[in-house]
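# A look at the structure
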Amino acid sequence: MNNLLNHAPILIVAIPLLAAFLIPIVGKVNKKAEGITTTFALGISLALTIILAIKILSVGPQVYVFGAKSPSLTLPSGLKFPIRIMFEVDAMGIFMGLITAIVSFLGAIYSLTFMGKYDGLDKYYSLLLLLTVGMFGMEFTGDIFNFFVFLEIASIASVALISFRGTDLGEPAEAGFKYMVVSSISALMVLFAVGIFYGQYDLLNFAAIASVIKYSQLDKIALGLLVPVLAMKAGAVPMHMWTPDAYSEAPAPITMILVAASQASLYALFRVTFSLYNISLSTLTVGWVIIIFGLLSMFIGVTMAIIQKDIKRLMAYHAISQTGYMLLGVGVGLAVLANPAALQKYGITAMEGGIFHIMNHAMYKGLLFLTAGALFYRTGTRDLNKMGGLAHSMKYTTIFFIIGAAAIAGLPPFNGFASKLLIYESVYRFNPLLSIIAMVVSILTLASFVKVFHSAFLGPKLPQFKEAKEVPRSMIFAMAALSCIIIFFGLFPNLIVKNLVHPAVMSLIEQFKYTGTVLGGM
Amino acid sequence: MLGLLETGSGFWSAIIWVVVVLVISSIVIYIRNKGEESYKKNTEQDKPFISGNPELSKEGSHIAASHIYWGFTEALKDYYNPLVKIHTGNINDYSGWIIIITIIILILVGVSG
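Residues numbered from 1 in each chain as written. Chains lettered and ligands numbered in written order. Predicted model: local features only at pLDDT ≥ 70, side-chain atom pairs only at ≥ 80, totals over all residues.

When helices and strands are counted, chain A shows 20 helices and two strands. In terms of overall size, chain A behaves like a compact globule, its C-alpha atoms giving a radius of gyration of 22 Å where 522 residues would be expected to give roughly 24 Å. Its C-alpha atoms give chain A principal-axis dimensions of roughly 75 × 60 × 40 Å. Looking at chain A as a whole, 65% of its 522 residues qualify as buried. Contacts in chain A between residues far apart in sequence, at least 24 positions, make up 80% of those at least 6 positions apart. (Helix = DSSP H or I, 4+ residues; strand = E, 2+ residues; numbered from the N terminus. Rg over C-alpha atoms; globule rule 2.2 N^0.38 Å. Buried ≥ 20, exposed ≤ 12 C-beta atoms within 10 Å, placed from the backbone. Contact = placed C-beta atoms within 7 Å.)

Here we come to the overall build of chain B. Along its length, chain B carries four helices and two strands. N-terminal to C-terminal, the α/β element order of chain B is β-β-α-α-α-α. Here chain B has a C-alpha radius of gyration of 28 Å; the compact-globule value for 113 residues is 13 Å, and the former is much larger. In terms of overall dimensions, chain B has C-alpha extents of about 75 × 50 × 20 Å along its principal axes. Residue burial in chain B is summarised as follows: out of 113 residues, 11% are buried.

With respect to the element layout, M241(A) can be found in the loop between α9 (217-234) and α10 (242-249). We classify M241(A) as buried; it has 24 C-beta atoms within 10 Å. The spatial distance from the C-alpha of M241(A) to the C-alpha of I320(A) is 9.6 Å, given a sequence separation of 79 residues. Contacts of M241(A), omitting those with residues within four sequence positions, involve H87(B) and Y94(B).

On to the confidence of the model for chain B, then. Residues and elements named next belong to chain B. For chain B, mean pLDDT is 89; residues scoring 70 or higher make up 97% of the total. Mean pLDDT values for the elements of chain B range from 90 in strand β1 (residues 5-6) up to 96 in helix α3 (residues 77-86). Complex prediction metrics read pTM 0.95 and ipTM 0.93. (pLDDT = per-residue confidence, 0-100.)

On to the environment of P61(A), then. Residue and element names in this part refer to chain A. One can find P61 in the loop between α3 (33-59) and β1 (62-65). Counting along the chain gives 55 residues from P61 to N6, while the straight-line C-alpha distance between them is 12 Å. Once residues within four sequence positions are removed from consideration, P61 is found in contact with I56, E88, V89, D90 and T517.

Next up on the list: the domain arrangement of chain A. All names here are of chain A. For chain A, the assigned domains read domain 1 (1-74 + 81-277) and domain 2 (282-491). Here the C-alpha centre of domain 2 lies 23 Å away from the C-alpha centre of domain 1. At the level of elements, α4 (91-114), α9, α10 and α11 (252-277) are the ones that each hand at least two residues to the side of domain 1 that touches domain 2. In terms of residue count, α11 provides more of the side of domain 1 that touches domain 2 than any other element does, 10 residues in total. In terms of residue class, the side of domain 1 that touches domain 2 is made up of 22 nonpolar, eight polar and no charged. (Domains from an automatic or database assignment. Nonpolar A, V, L, I, M, F, W, Y, C, P; charged D, E, K, R; others polar.)

Listed by partner, the interface residues are 39 residues for chain B and 53 residues for chain A. Where the side of chain B that touches chain A is concerned, the elements lending two or more residues are α1 (14-33), α3 and α4 (91-112) of chain B. Take the side of chain B that touches chain A: its biggest share by element is 13 residues, from α4(B). Taken together, the residues of the side of chain B that touches chain A sort by class into 22 nonpolar, 15 polar and two charged.

On to α3(A), then. With 27 residues, α3(A) should reach 39 Å at 1.5 Å per residue; the first-to-last C-alpha distance of 38 Å fits that figure. Phi for G60(A), located one or two positions after α3(A), is positive at around 130°. (Expected span 1.5 Å × (residues − 1).)

Quick look at the pairing of β1(A) now. Residue and element names in this part refer to chain A. Here β1 shows two buried faces, one formed by Q62 and Y64 and the other by V63 and V65. Sheet topology places β1 next to strand β2 (residues 86-89); four bridges connect them, and they run antiparallel. The residue bridging V63 from the neighbouring strand is E88, located in β2. (Pairing = 2+ DSSP bridges.)

Structure representation (structure tokens):
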């Protein structure tokens, strides 16, 4: 059992990867087994991720070296730097891994009935598994070239999934094409940055590069390439325009997973700035760049959301807006990283707020996209102008929507309130104006979701939806599970912050621990 | 037990908040129950009062999404017009924004030392 646990980092990735190639064969034998096999594989990955999280939070970061005599042998005798590909999973990596595991598992359960009417589900489930593999890989890898590979796996799977309904529809195919173009640009820039590091240091390992990085002109160019493209993949304004297209056209469970995939890019942005460069870079300049991305994303995201009529486009703009909170919180932490007094006073709390918001956002935005999917499943439309009175016939969906909407608007006692409060109260001490803007955005978010609630759920039962009824049980289960997580995180935020978020934040700040795990000296 | 979340400037406890809300709700319900008792179901009292105007059909009375916050967007049209205009849906513009922002960040990082 202990031996099995030593291999947990690779098993979490390998099981869905093998399942992805198994699905077409399973589909030949029994069509219904495709979804169940996918759910089973992702269920095992989720269980292993939880076990690995417990181990990391109690013992410390875990490395997994590929092809070595022992998975923890980072430096074979006589070598100063690692030469093998490895995973390095610390508290931040496993925090993101938990999000990926939960969201992809519930996405697969929701898909069981939601995708029932579509053909080619062997491809759908294979791609869903590959997307999950890509996300896990981005979060676990300790090697920058491997990061590029996993980014590509996630991007290619995402493109195909966004376009999945597009065989006879133009819009999903167009959204997929747009995502493909922006992903290709970002992948090229990441690869260029990888080349810069390899050309200078003959190294590809994150920790090894971090230990020798000089912040030369070439390193600055690499940083200048990585920051915008990773922010773009996370949906930061003004490079956000692919987001409403992709999120609205993808099937609802895929949209939920795409939110987590965007957050994997956000994680990479934080990993690069904190674990790779840390205080060697101009923390104030890059911190403010991230803060400005956050402000623009928060404000433009929410104001664009208010005027949308398509429920999923509206929610997509809110996803952009919420990403702004994460960028703001962590950006403030980065801006004061070189100032230990300010970091202790409010920087760590701001980062805790930003990182906690990543988890919270994945849960409530996932829930909201699933409720939008439930409405589409029963009404066949995403147009809010055509909806109304659905609370009469879809009572569970209505309750789940209220929970999700209250959480995203930052209403107590839901989880969104806890992370936003951490951001407001800490960012205020850095710059009060930033905090005030964040609060205004929260009010506008509430206003926007009041509009959705009124137009979709309230009012008299409309004649065209007389036959509408509640969605099937697998869809309700996925929404109920997310609702329970939201309520639990909202009622006991201290438990999550203390046991999951704080260690994640410290693993970003304490670069020496990240490098020490691979190079020794811990 | 109370789940105190320290924020650096204070604390937050959802449990205390829930207890306070329950207590306030109980007081509100108590006061409400002490109020007017002449209400009768399925009488004139049930009908909406629209300043004496006839009531619209139930289906016709639903306000669609486009009509909500009309005044808000109309008042802010100088903000919205250019903002909507830059969301062209054209992939060339999407790529252009990435290039522009990359150049700006390269300059900022380059000159910041």
